[in-house]
Amino acid sequence: MAATLPRYAVFGNPVAHSKSPQIHRQFALQEKVQIEYGRILAEPGGFAAAAGRFFAEGGLGANVTVPFKTDAYDWVDEHSERAKAACAVNTIIPLGSGRFLGDNTDGAGLAADITEAQATALQNRRILILGAGGAVRGVVPVLLQQQPADITIANRTEAKARELAERFGIRAAPLNGLPANRFDIIINATSGSLSGEIPAVAPEVFGSCVLAYDMVYGAAAQAFLDYARRSGAQKTADGLGMLVGQAAFSYRLWRGFSPDIQAVIRYMRKAV
Ligand code: ATR
């Protein structure tokens, strides 16, 4: 009988579009090992059963994407500090004896991409985040660790921005009343990008922006990044590096091997 390969998977709904299998295959090639990394489509309300089955069958680690990051948070037995801060889990690590640790590598993936691939320091920067959904909750705790001058959240539904701002001790501002020439780094974390919609932010807001970043990648990020550049942003970047970065930090948690993130970003840039 052929030996079974170490098994990993990403859980989501939808999940067919996920690039995680391709990314993790590159990491395994770097480590010179063979792994199996699949996509598992769970039904709404069905995450716990699907995860239970996967690990009972020998799964060694899982990633979790939309809409199950909160379900994963509830399912695991222990939480890393950053998962606790985000109330969301994107990485599950088996601890043995049927217990599981939930971590969240999204913020680390974003911070590493901004500081390394974009060579833009976060320390002492004035950061504006557009959006106040799950994606924002996941990254704010890690951005705060980088000691920015301040972080402001602006959201179409203002109450949600205020709620998050209170929770993390940061600022909230209305989307249509943002100050001009105030922010160094502007991050779009709204899901509108996926349908080509950009948040209604005045062009002057980008006046002193050294980096405009969209957390989605490829064509979906284009409308926001084009607008940012036209409005004066010095540099723009989509979220491909964040995607590869969060995957690399998951891989390291499972296997103790640190992938070369930049090499895989270059590979994926050609592939997507
Ligand atoms: P995610 O987990 O990706 O953050 P989410 O929790 O559904 O997804 O949050 C989506 C975010 O994108 C919200 O901040 C949403 O704003 P509202 O809270 O006002 O709904 C924001 N968003 C979605 N479409 C948008 C658009 N066209 N313009 C501005 N913001 C938008």
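In this text, all values refer to a predicted model and were calculated from it rather than measured experimentally. (Residues numbered from 1 in each chain as written. Predicted model: local features only at pLDDT ≥ 70, side-chain atom pairs only at ≥ 80, totals over all residues. Heavy atoms only, no water.)

Focus on the pairing of strand β6 (residues 99-103)
Convention followed: With a 1.4 Å probe rolled over the protein chains alone, any residue whose accessible area is under 20% of its type maximum counts as buried; one over 50% counts as exposed, and the rest are partly exposed. For helices the rule is a DSSP run of H or I covering at least 4 residues; for strands it is a run of E covering at least 2, with both sets numbered from the N terminus onward. Strand pairing follows a simple DSSP-based rule, namely that at least 2 bridges must link the two strands.
Counting buried residues along β6, four of its five residues qualify, which places the element largely inside the surrounding structure. Relative to β6, strand β4 (residues 78-79) runs parallel, the two sharing two bridges. Residue pairing across strands places His-79 opposite Gly-102, the latter belonging to β6. Bridge analysis of strand β5 (residues 91-96) against β6 gives five bridges, and the strand direction is antiparallel. Looking across to β6, one finds that Pro-94 is bridged to Phe-100. Remark: two residues form the turn of the hairpin made by β5 and β6, two consecutive strands paired antiparallel; Ser-97 in that turn has positive phi of roughly 50°.

What to know about the sheet that holds strand β7 (residues 126-130)
Rules: Every residue pair with non-hydrogen atoms within 4.5 Å of one another is taken to be in contact. Here an axis means a line fitted to C-alpha atoms, over the contact stretch when the element is a helix, while the angle between two N-to-C directions is reported on a 0 to 180 degree scale.
Judged by pairing direction, the sheet is parallel, and its six strands sit side by side in the order β9-β8-β7-β10-β11-β12 without closing on themselves. The open sheet terminates on both sides in strands that have one partner only, identified here as β9 (171-174) and β12 (236-237). Bridge count between strand β10 (residues 185-188) and strand β11 (residues 211-214): four bridges; the pairing is parallel. The partner of Ile-185 across the bridge, within β11, is Leu-211. Those strands touched by helix α8 (residues 219-230) are β7, β10, β11 and β12, and its axis lies near 165° from that of β11.

Some remarks on the domain arrangement of the protein
The condition is simple: Where a domain begins and ends is set by an automatic assignment or by a domain database. A quick way to say it: buried area is the sum, across both parts, of accessible area lost when two parts are put together, with a 1.4 Å probe. We define a salt bridge as a contact between a side-chain nitrogen of Lys or Arg and a carboxyl oxygen of Asp or Glu at a distance within 4 Å. Counting of polar contacts relies on pairs of N or O atoms within 3.5 Å, with two restrictions inside protein: one atom must be capable of donating a hydrogen and the other of accepting it, and residues adjacent in sequence are counted only when both atoms are side-chain atoms. When residues are sorted by character, Ala, Val, Leu, Ile, Met, Phe, Trp, Tyr, Cys and Pro go into the nonpolar class, Asp, Glu, Lys and Arg into the charged class, and all the rest, Gly among them, into the polar class.
Examined at the domain level, the protein breaks down into domain 1 (7-104 + 244-271) and domain 2 (121-234). If you look at the interface, domain 1 gives eight residues, while domain 2 gives six residues. Across the domain 1/domain 2 interface, buried area totals approximately 570 Å², and carbon plus sulfur atoms make up 49% of it. At the surface where domain 1 touches domain 2, the tally comes to zero salt bridges. One can count two residue pairs in polar contact (both at pLDDT 80 or more) joining domain 1 with domain 2. Considering every element that reaches the side of domain 1 that touches domain 2, the biggest residue donor is helix α4 (residues 81-86), with three residues. Residue composition of the side of domain 1 that touches domain 2, grouped by class: four nonpolar, two polar and two charged.

With respect to the environment of Ser-231
Its place among the elements puts Ser-231 in the loop between α8 and β12. Separated by 27 residues in the primary sequence, Ser-231 and Glu-204 have C-alpha atoms spaced 6.7 Å apart. Reaching out from Ser-231, the side chain makes a polar contact with the backbone oxygen of Tyr-227 at a distance of 2.7 Å.

So, the packing of helix α6 (residues 134-145) against helix α7 (residues 158-168)
Rules: Rotating anticlockwise by less than a right angle from the far helix to the near helix defines a left-handed crossing, while the corresponding clockwise rotation defines a right-handed one.
Where α6 contacts α7, the two axes come as close as 11 Å, and the packing angle between them is 35°. Like other packed secondary-structure pairs, α6 and α7 cross with a definite hand, here right-handed. Residues Val-136, Arg-137, Val-140, Pro-141 and Leu-144 of α6 pack against Leu-164, Arg-167 and Phe-168 of α7. A class-by-class count of the residues in the contact of α6 with α7 yields six nonpolar, no polar and two charged.

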